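Below are the chains, spelled out letter by letter.
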Amino acid sequence: MTARGIKMAVTQSFFLMSSETLAETLHLIIVKKRVKWTLGGLIGVFGLLQLTNLGRTNPPVVAGHDLFSGTNPPPAEVAAMLRNACYDCHSYETHWPWYGHVAPLSWWLDRHVQDARDVLNFSEWPHNNPDKAARKWNHVSDQVRGGDMPLTSYSRIHKAARLTDEQRKTLADWAEQ
């Protein structure tokens, strides 16, 4: 059958349809168009959102202000736990993942890191204020021992941040010293 023959057969079958079948077909065509336009609009909005992405940069770590630059840095085992489980959110040494550049998830992640730095920032450790440092370590101990930190949402994605019960105890005990 030629292209012209196919076109004629389709046209004839279209005109031979009952009014009810014709209405259903027209409704289906309209619904498909609406779905296509809606999906196209959503994809367009998602694309435009990517233009609003925030610049994710880490402020410089000032020499002498980081936790590890003090006179009493944590032992190697504790330091490794802190780097793996805490530093991405609680320091200026954040490693931004690929999804941290995709809006609107990037907005949530940026806000989350900013909030975490406001609560505890290892890049601005109070070396010159032992009482303040002790309060921070007590808070760390409570959060780690209670299982509140690292966040489950973070440790699900970052395997190195998953702390065993023994690691939690080691970190919390050291933080209480």
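This is a predicted model, so every value here is computed, not measured. (Residues numbered from 1 in each chain as written. Predicted model: local features only at pLDDT ≥ 70, side-chain atom pairs only at ≥ 80, totals over all residues. Heavy atoms only, no water.)

### Quick notes on the overall build of the chain
Scanning the chain from terminus to terminus reveals seven helices and zero strands. Ordered by position from the N terminus, the helices and strands of the chain form the series α-α-α-α-α-α-α. Counting the 177 residues in the chain, one finds 28% classified as buried. Nonlocal contacts in the chain, meaning residues at least 24 apart in sequence, comprise 67% of its contacts between residues at least 6 apart. (Helix = DSSP H or I, 4+ residues; strand = E, 2+ residues; numbered from the N terminus. Buried < 20%, exposed > 50% of the residue type's maximum accessible area, 1.4 Å probe, protein only. Contact = heavy atoms within 4.5 Å.)

### Focus: the pattern of salt bridges
A full pass over the atoms with the stated rule returns five salt bridges. Across the pair Glu-176 and Arg-145 runs a salt bridge, and its minimum N-O distance is 3.2 Å. Here Glu-176 is found in helix α7 (residues 165–176), whereas its partner Arg-145 is found in helix α5 (residues 130–145), with 31 residues between them in sequence. For Arg-145, a relative accessible area of 40% gives the class partly exposed. Between Lys-169 and Asp-173 there is a salt bridge, with its nearest N and O atoms 2.6 Å apart. Here Asp-173 and Lys-169 lie together in helix α7, a separation of four residues that amounts to about one turn. (Salt bridge = Lys/Arg side-chain N within 4 Å of Asp/Glu carboxyl O.)

### Details of the packing of aromatic side chains
Enumeration according to the criterion identifies seven aromatic pairs in this entry. Judged by centre distance (5.4 Å) and plane angle (25°), the rings of Phe-68 and Tyr-87 are stacked. With Phe-68 in the loop between α2 (19–49) and α3 (76–85) and Tyr-87 in the loop between α3 and α4 (105–119), this pair connects stretches of sequence that are 19 residues apart. Among the residues examined, Phe-68 registers a relative accessible area of 21% and is labelled partly exposed. Take Tyr-87: its relative accessible area is 3%, and that puts it in the buried class. Pairing Trp-137 with Trp-174 gives two aromatic rings, centres 4.9 Å apart and planes at 85°, and the pair type is edge-to-face. You can see Trp-137 sitting in helix α5 and its partner Trp-174 sitting in helix α7, a full 37 residues away along the chain. Taken individually, Trp-137 and Trp-174 each receive the classification buried, so the pair is uniform in this respect. Taken together, the ring pairs connect Phe-68, Tyr-87, Phe-122, Trp-125, Trp-137 and Trp-174 into an aromatic cluster. (Phe/Tyr/Trp six-rings, centres within 6.5 Å; stacked < 30°, edge-to-face > 60°.)

### Topic: α7
Helix length check: α7 (twelve residues) gives 16 Å between terminal C-alpha atoms against 16 Å at 1.5 Å per residue, within 8%. Contacts made by the buried residues of α7 are with α3 and α5. (Expected span 1.5 Å × (residues − 1).)

### What to know about the side chain of Asn-121
Mapping Asn-121 onto the fold places it in the loop between α4 and α5. A distance of 2.9 Å separates a polar side-chain atom of Asn-121 from the backbone nitrogen of Ser-123. (Polar contact = N/O pair within 3.5 Å; in protein donor to acceptor, adjacent residues only side chain to side chain.)

### A look at the environment of Thr-71
Mapped onto the secondary structure, Thr-71 falls in the loop between α2 and α3. Note on Thr-71: relative accessible area 86%, which makes it exposed. Along the chain, Thr-71 and His-127 lie 56 residues apart, while their C-alpha atoms are 8.3 Å from each other.

### Things to note about the nonpolar core
Counting residues in each nonpolar core, the largest one holds 20 residues, and the members touching the most others are Leu-67, Leu-82, Phe-122, Trp-125, Trp-137 and Leu-171. Of all the elements in the fold, those that place two or more residues in this core are α3, α5 and α7. Trp-125 has contacts with His-65, Asp-66, Leu-67, Leu-120, Ala-133, Lys-136 and Trp-137, leaving out every residue within four places of it along the chain. In terms of nonpolar packing, the next biggest core, distinct from the first, is built from six residues, Tyr-99, Leu-109, Val-113 and Ala-116 among them. (Core = buried A, V, L, I, M, F, W, Y, C linked by side-chain atoms within 4.5 Å.)

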